Amino acid sequence: MASSPSSSPAAPAEADSPIVHVAFSSGTSHFVASTATGFHVFSCDDDKVERVHYKSDAVASPGVVVTSAELLTRSRVAVVTQMAGAVKGAAEHHAIYFWDEESGEAKQIAIGSTKTPDLGPVGGLRLLGGHVLVAGQQMAMLVISGDLKSRKLVQTGPNPLGLCALAVDQETRLVCALPRPEKGAVQVRRTGKPGSVDVRAHASSLSCIALSRDGRLLATAGSKGTLVRIFSTDDGTMLQELRRGIDRADIHCIAFSPDFRWLAVSSDKGTVHVFPVASVDKATLTMEGGDGDALLVAPSRAAAFPPAPAAAKQGSLLPSFLKGYLPSYFSSERSLAQVRLREGVEYAVEFWRHHPNNILIAGTDGSFYRCRFDPVNAGEMKQLEHERFIKKINE
């Protein structure tokens, strides 16, 4: 384990990393790194990263590759696979394998088979308890309690990134966030409740969406990658606008802290930003962002969200009554803390459950970081740990 007293760019990664996807478990105690042929599960709950189990040959069929994996617990993994059509120009075949390391069982859902509708290529997957949300290219499928007979289909329109988010609210209803057919729009649906709450989040296409654990807050980023917005899922009201930067970027991951007080954002610029989450009450207005990402904001309803940290005030120097009438470059809030890593790497990020001001970062270059931010004073995060878990994959 290597450590540093302060943030610094990561060392160069090994050439041609075999990792195609990384994702944390919902409890943040483990993460899974996918390769084209299998997956590797690592524990990160202590002061070092340990590989707890793996299947380097999870896919043995010729022409089949792993595209991603999601982790429910250290022993329960969902693996998405892809196989090109046997005939040139034929449709791709996708399947989801559910591995249970403790029982040794592996169950399969074949996307496009007679048991499931043709969702097209599977771009995204979310697990929550026994529930699975699958995002295809034109629609999504929610499988409740693992029962395909209870599946619910939702039309999303084009969703090449497989964007989707899943949470459970205080009434134990499942909350799903998915793109709408309209560019830059999100639909929030709750089981047991008809219809959806629709949010026109960005003028550009969506690049990332996330829900708080209780499903009350929705965070979104557009393809410009300069702004991140937070909305109430009750009525679609925009609560906060956060500025990652002024240069275009691909947002790879957005994560709320378990207590909803913080939001972490990673991008291809090699930076991870942490923003305070505040409850904002704004009147109806049209905000024209400096990057052209226009947004019509609906009237806000009073909502009991956690109080904003005192540090949240550092993000903007403008009086609150001016914020709605100036370009969002001036009114959007800056991050409280940042860490700069290697550019061009996809980083998954989560908040560590044992310390509210620690974040965990895992990259497709095989690097793992544990960083701490000061909740009061803005500045660079302190890098507590840096490990090269790719070495264990390449052993």
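These lines cover the structure that appears in this document, whether it is placed above or below. (Residues numbered from 1 in each chain as written. Predicted model: local features only at pLDDT ≥ 70, side-chain atom pairs only at ≥ 80, totals over all residues. Heavy atoms only, no water.)

Moving on: the pattern of salt bridges. Summed over the entire model, instances satisfying the criterion amount to 13 salt bridges. Note that glutamate 182 is salt-bridged to arginine 180, the shortest N-O span being 2.8 Å. Measuring nitrogen to oxygen at the nearest pair gives 3.6 Å for the salt bridge that ties arginine 190 to aspartate 234. With arginine 190 in strand S15 (residues 185-190) and aspartate 234 in the loop between strand S19 (227-232) and strand S20 (238-243), this residue pair connects regions lying 44 residues apart in the sequence. By relative accessible area, which is 9% here, arginine 190 ends up buried. Through salt bridges with shared partners, a single ionic network connects Asp169, Glu171, Arg173, Arg190 and Asp234. (Salt bridge = Lys/Arg side-chain N within 4 Å of Asp/Glu carboxyl O. Helix = DSSP H or I, 4+ residues; strand = E, 2+ residues; numbered from the N terminus. Buried < 20%, exposed > 50% of the residue type's maximum accessible area, 1.4 Å probe, protein only.)

Once that is clear, we can look at the pairing of strand S22 (residues 262-267). The buried fraction of S22 amounts to six of the six residues, a majority that puts the element mostly inside the structure. Of the two faces of S22, the one carrying Trp262, Ala264 and Ser266 and the one carrying Leu263, Val265 and Ser267 are both buried. One ladder, built from five bridges, connects S22 with strand S23 (residues 271-276); its direction is antiparallel. Looking at the pairing, alanine 264 lines up with valine 274 of S23. Adjacent in sequence and paired antiparallel, S22 and S23 are bridged by three residues, among which glycine 270 carries a positive phi angle near 80 degrees. (Pairing = 2+ DSSP bridges.)

Let us look at the environment of glycine 124. Note on placement: glycine 124 falls in strand S9 (residues 124-128). A C-alpha to C-alpha distance of 9.3 Å links glycine 124 and alanine 140, two positions 16 residues apart in sequence. Excluding residues that lie within four positions of it along the chain, glycine 124 makes contacts with Leu133, Val134, Ala135, Gly162 and Cys164. (Contact = heavy atoms within 4.5 Å.)

Further remarks concern the layout of surface pockets. Of the pockets and cavities examined, the second largest pocket occupies roughly 490 Å³. As for the second largest pocket, its lining consists of 22 residues, of which Arg76, Phe98, Lys107, Val132 and Gly146 are closest to the centre. Looking at the lining of the second largest pocket, the elements that each hand over two or more residues are strand S6 (76-83), strand S7 (93-100), strand S8 (105-111) and strand S10 (131-135). Of all the elements, S8 adds the most residues to the lining of the second largest pocket, at five residues. (1 Å grid on protein atoms, 1.4 Å probe; cavity = no way out; pocket = protein on both sides within 12 Å on 5 of 7 lines; lining within 4 Å. Points joined across faces, edges and corners; volume = space filled by probe spheres on them.)

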